[in-house]
Amino acid sequence: MVVGAGITGTAIARELSKYRVDVIVAEKDLDVAGGQTKSNSGMVYSPVGLTWAGSLVIKSIVDEPGVTLLHPESLKEKLTLKGFNAFPSLAQQLDITSYTRSTYIMIATNEDEVRLLKETEELCWQLGFEPERLNREAILAMEPNITGKVICGLLDSTSESVIYPWEYCFALMENARENGVKILTGTEVTAIKPLDGGFIVDTSRGPIRTEYVVNAAGIYADKVARMAGVCDFGFTLMKGQTEILDKRLKGLLNSSIGPPPEPGGGGKINPLPSGNISIGFIGYIPTEDKEDLSGRREWSEMTFTRTRELVNGILPGDIINSFNGIRVFNTRNPEDHIIEATRKYPHFINAVIRLPGLAAATAIAEYVCALLGNQGLGLVRKANYHPYRKGIPKVSELPEDERRELIARDGRYGHIVCRCEEVSEGEIVEAIRRGARTVAAVKYRTRAGMGRCQGGFCGPRVVEILARELDIPLTEVTQKGGLSQVLLYRSKELLA
Amino acid sequence: MSREEVDVAVIGGGPAGLAAAVKAREAGLDNVIVIERSEYLGGLLDQCIHNGFGLFYFGEDLTGPEYGRRFIEKASDLGVKSLLNSMVVRLSPDRKLLISSHTGLTSLSAKSVVLAMGCRERTRGSLCLSGTRAAGILTAGTAQRYVNIYGYIPGREVVILGSGDVGMIMARRLTLEGATVKAVVEVLPYVGGLIRNEVQCLYDFNIPLLLEHTVTEIHGKERVEAVTVARVDKKWNPIAGTERVITCDTLLLSVGLIPENELSRSIGVELDPVSGGPVVDSAMETSLSGIFAGGNVLHVNDLVDNVSREAELAGASAAAFAKEEIKQRKPRVRLIAGENVRYAVPQVVSIGDDVTLSVRVREPAENVRLKVGNIINQSLRVVKPSQIVPVIVTAEDWSKINGVVYEMLISCESRR
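Residues numbered from 1 in each chain as written. Chains lettered and ligands numbered in written order. Predicted model: local features only at pLDDT ≥ 70, side-chain atom pairs only at ≥ 80, totals over all residues. Heavy atoms only, no water.

**Q** How should I be thinking about the overall build of chain B in this particular structure?
**A** Per the secondary structure count, chain B includes nine helices and 28 strands. Scaling as 2.2 N^0.38, a compact globule of 416 residues should have a C-alpha radius of gyration of about 22 Å, and chain B matches this with 22 Å. Overall, chain B is about 65 × 60 × 40 Å in size when its C-alpha atoms are taken along their principal axes. With 416 residues in all, chain B has 60% of them scored as buried. One finds the centroid of the 46 positive side-chain charges in chain B at a distance of 3 Å from the centroid of its 49 negative side-chain charges. (Helix = DSSP H or I, 4+ residues; strand = E, 2+ residues; numbered from the N terminus. Rg over C-alpha atoms; globule rule 2.2 N^0.38 Å. Buried < 20%, exposed > 50% of the residue type's maximum accessible area, 1.4 Å probe, protein only. Lys, Arg positive; Asp, Glu negative; His and termini not counted. Charge placed at Lys NZ, Arg CZ, Asp CG, Glu CD.)

Structural data, given as structure tokens:
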């Protein structure tokens, strides 16, 4: 049993599905990809690059003072490099259409930042990477909408790419399921009892007997490990906030840009595959509450102001939404993953991931499989494993003739439900067929409601389609599971 | 692939689109088509089941569906064609349209086009409200659709942020449905919508109106459980110590409407950053030849009656363009917003044209002089941002122009 269906859990499930092993994934939410997998910048980057160097500086706030920033032998670095190099072919196998190679320009706009830039450059060299130095003219030639304040910068055009992380997670999940993995959503693990070398795992849907447990519960990995009595780490939590800007700004920037990093401070302005831009300057606010994903207006304002200092052409009103996420650092070794068979119960594997986990996910999965193999799990390849998965067709991106063909096959692909993102009824119905049960699940699979009106128009229609396809009353349709019903009463019900 | 030719293609089948199509058809064009993305004509009128429509246009007090019905019937009697459940997914500056529907992709080529896509509501995301992202936060118009079209009530205890017209109307509507509206919270010292709604929807139902207040925090993990409201200073910053928590399960937002101009932008129509709609001339023609605009896509109107009036002009002009009637080239002036004026539509006016300007003021004022260059100077007792000031300019007014004029200041000056 894999506990948790984020990027790590689904990657492990897919990896295991290559073998003749019975695999079950228990996820407490009604959908996969709900935790840290959803709430991050979507950057897939290599440890031999500028973002990595920058993140070493930024994340140094969680380290003891005097600790070296470089960890060349870390598991994190090795697995990330392996995962990053394998990513292009994986994206093809799994039809991850958001996958886009990108460039990053770190820019300095004052003398302090010029100094910080120099320090980051030296760190890059130590990582074995040589970013290209750009002067003001070169930067403005590449990015004419950067403000004239820019003095110089560093360019990295080899080590990064961006995806929608949830798309990656859905792809892994669908492919794992196709290959025989059982994904149980809405299934919360409540107790883990060791028994005869295996475990009885109590869940909100009843007990499940398993020989091995892989703990990929993300931010709740400590809780799950504690259930089995194998928790030898704690978590430090850091909250962040990102704003999403209107698609109208598509093409404003070709590269990600941002100032050079400082411990705990940095920022990045990322053009997204959809044409929106994400801006994040708030990343490391200490918090104790794992559920605290609330936003702060003053953070939005600060982020927006910083962005407008760096880029021209962004107007008030261009923010269409914001989201918050929590970064997790384990207290045993904040610089690295903890991926190991626990000493007390070797059949209980902790897979506690230190950011970044996106690029590394498949390499982490292979590593976990090897650990399971070492602990006696028989890893015999399936003959009929197939690695390919097709995404939901996106009518807005199809060439006209293919779009015509699709509508001719199924008229629902011609009926546009979400006008901002041009999403058809066919796509929404297909998302539900693939497992979407909530408004949010439909949104992350199809982009319906992700545009500038934020579901103002399509929201009621999506609720209606969910109720129809799932054959439930409208009052049972939820935003994201639990008690998050969109509509609480029928007309006249409150008058009775 | 074949491409059907039409005279006038009207994008949007709400009040603006219908009025424009009717006028274009009345001008004698055979092939006038309305393209509507939802399953019926009339746009948002069908969910506006309250009265107050048509007082100016028909001299009658109608409900939204009644008002809409009159135009739908007229359009149908005149033989205006309509495509329902059909969305224009591509538009080109040379007036070629690609339309998606159940039946496939349809290509149209139009001699002229009327943009009548209406407007959308500002959302929680664009307000950057602090707090959780629980379910139960929705715009007033979305709530109106749930209640009046679907027959479902979002929640039992409601706070409404913003006092736009839809918000106030939903305050009354939800009260009539048995919900409790605990407060309407408005950051300004006056309501955002019409006075008649303030009286008939809030005062008459004893719904608390908190002026110069805002919502500073949303609480609740899965569903909204409460909001914190606080008094604000003149710069809209919350005043510490004035916060109080109001328990509720629903937060409605009625904080402004935005003209929906994604198609316009995609073909490079010049937009007015203040009105949010295309820059148009006195024939309601946009910066692109043969492409006209009318109704809330142009600027957010106060009354549907004004939407119909503006869109009729757009429809008539689109018909004239399609018939290749030669327009007399006249010198044009651009209107510049001056004191206490947010915007005026049309923004560009041909000298000599009879035209009605729709003027939106910035702040409420009493005993003002409304001036357009040196050609109009009229006194008005009261102006409010919630009410469009119609300013009629006639040939006689234009005769006061002397010399060559390219720009005219439009202002609403308080007498001091």
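Having put the structure on the table, let's press on.
**Q** What should I look at first to understand the sheet that holds strand S22 (residues 341-345) of chain B in this one?
**A** Sheet strands associate in pairs through backbone hydrogen bonding, adopting either a parallel or an antiparallel arrangement. All names here are of chain B. Overall, antiparallel pairing links the three strands, which are arranged S22-S24-S27 in an open sheet. Among the strands making up the open sheet, the edge pair consists of S22 and strand S27 (389-393). Here the strands of the sheet are splayed against their neighbours by 25° on average, with no regard to which way each runs. Pairing geometry for strand S24 (residues 355-361) and S27, over five bridges, is antiparallel. Looking at the pairing, Ser358 lines up with Pro390 of S27. (Pairing = 2+ DSSP bridges. Axes fitted to C-alpha atoms, helices over the stretch in contact; angles between N-to-C directions.)

**Q** Quick question: what am I supposed to make of helix H8 (residues 297-310) of chain A here?
**A** Spacing of three or four residues puts side chains on the same side of an α-helix, whose turn is 3.6 residues. Residues and elements named next belong to chain A. Compared with an ideal rise of 1.5 Å per residue, which puts 14 residues at 20 Å, H8 spans 20 Å between its outermost C-alpha atoms and is within 8% of the ideal. All of the buried residues along H8 are Trp299, Ser300, Thr303, Phe304, Thr307 and Leu310. The buried residues of H8 occupy an angular sector of 130° when projected down its axis, which confines them to one face. Looking at the buried positions of H8, the neighbouring elements they touch are strand S4 (100-108), strand S12 (235-245), strand S13 (256-258), strand S14 (268-271), strand S15 (277-287) and strand S16 (319-330). (Expected span 1.5 Å × (residues − 1). Arc of directions from axis to C-beta. Contact = heavy atoms within 4.5 Å.)

**Q** Explain the packing of helix H13 (residues 458-470) of chain A against helix H4 (residues 140-150) of chain B here, please?
**A** Each pair of packed helices can be described by the angle between their axes along with the distance between the axes. Taken N-terminus to C-terminus, the directions of H13(A) and H4(B) make an angle of 45°; their axes are 9 Å apart at the nearest point. Considering their axes alone, H13(A) and H4(B) lie oblique with respect to each other. When H13(A) is examined against H4(B), the residues A:Gly459, A:Pro460, A:Arg461, A:Val463 and A:Glu464 are found in contact with a partner set consisting of B:Thr142, B:Arg145, B:Tyr146 and B:Tyr150. Residue classes in the contact of H13(A) with H4(B) are distributed as four nonpolar, two polar and three charged. (Parallel < 35°, antiparallel > 145°, perpendicular 65-115°, else oblique. Nonpolar A, V, L, I, M, F, W, Y, C, P; charged D, E, K, R; others polar.)

**Q** Looking at this model, I keep getting lost on empty space enclosed by the protein. Mind explaining?
**A** Empty space among the atoms can be located by rolling a probe the size of a water molecule over them. Counted by the stated rule, this structure contains one cavity of 30 Å³ or more. What the largest cavity holds in volume is close to 50 Å³. If you trace the largest cavity, you find it lined by A:Gln241, A:Gly295, A:Arg296, A:Arg297, A:Ser300, A:Asn321, A:Ser322, B:Arg124, B:Gly125, B:Cys128, B:Leu129 and B:Arg133. If you list the elements that add at least two residues to the lining of the largest cavity, you get H8 and S16 of chain A together with helix H3 (124-127) of chain B. (1 Å grid on protein atoms, 1.4 Å probe; cavity = no way out; pocket = protein on both sides within 12 Å on 5 of 7 lines; lining within 4 Å. Points joined across faces, edges and corners; volume = space filled by probe spheres on them.)

**Q** Is there a simple way to think about the interface of chain B and chain A in this case?
**A** Frequently, the measure chosen for interface size is the accessible area that the parts lose on association. Between chain B and chain A, the residue contacts involve 52 residues of the former and 58 residues of the latter. A combined buried area of about 4,800 Å² lies between chain B and chain A, and 53% of that area is made up of carbon and sulfur atoms. On the chain B side of the contact with chain A, B:His102, B:Arg133 and B:Tyr152 bury the most area, a combined 15% of that side's loss. One can count six salt bridges joining chain B with chain A. Across the salt bridge formed by A:Lys492 and B:Glu177, the nearest N and O atoms sit 2.7 Å from each other. Counting every contact that joins chain B to chain A gives 30 residue pairs in polar contact (both at pLDDT 80 or more). (Buried area = accessible area lost by both parts, 1.4 Å probe. Salt bridge = Lys/Arg side-chain N within 4 Å of Asp/Glu carboxyl O. Polar contact = N/O pair within 3.5 Å; in protein donor to acceptor, adjacent residues only side chain to side chain.)

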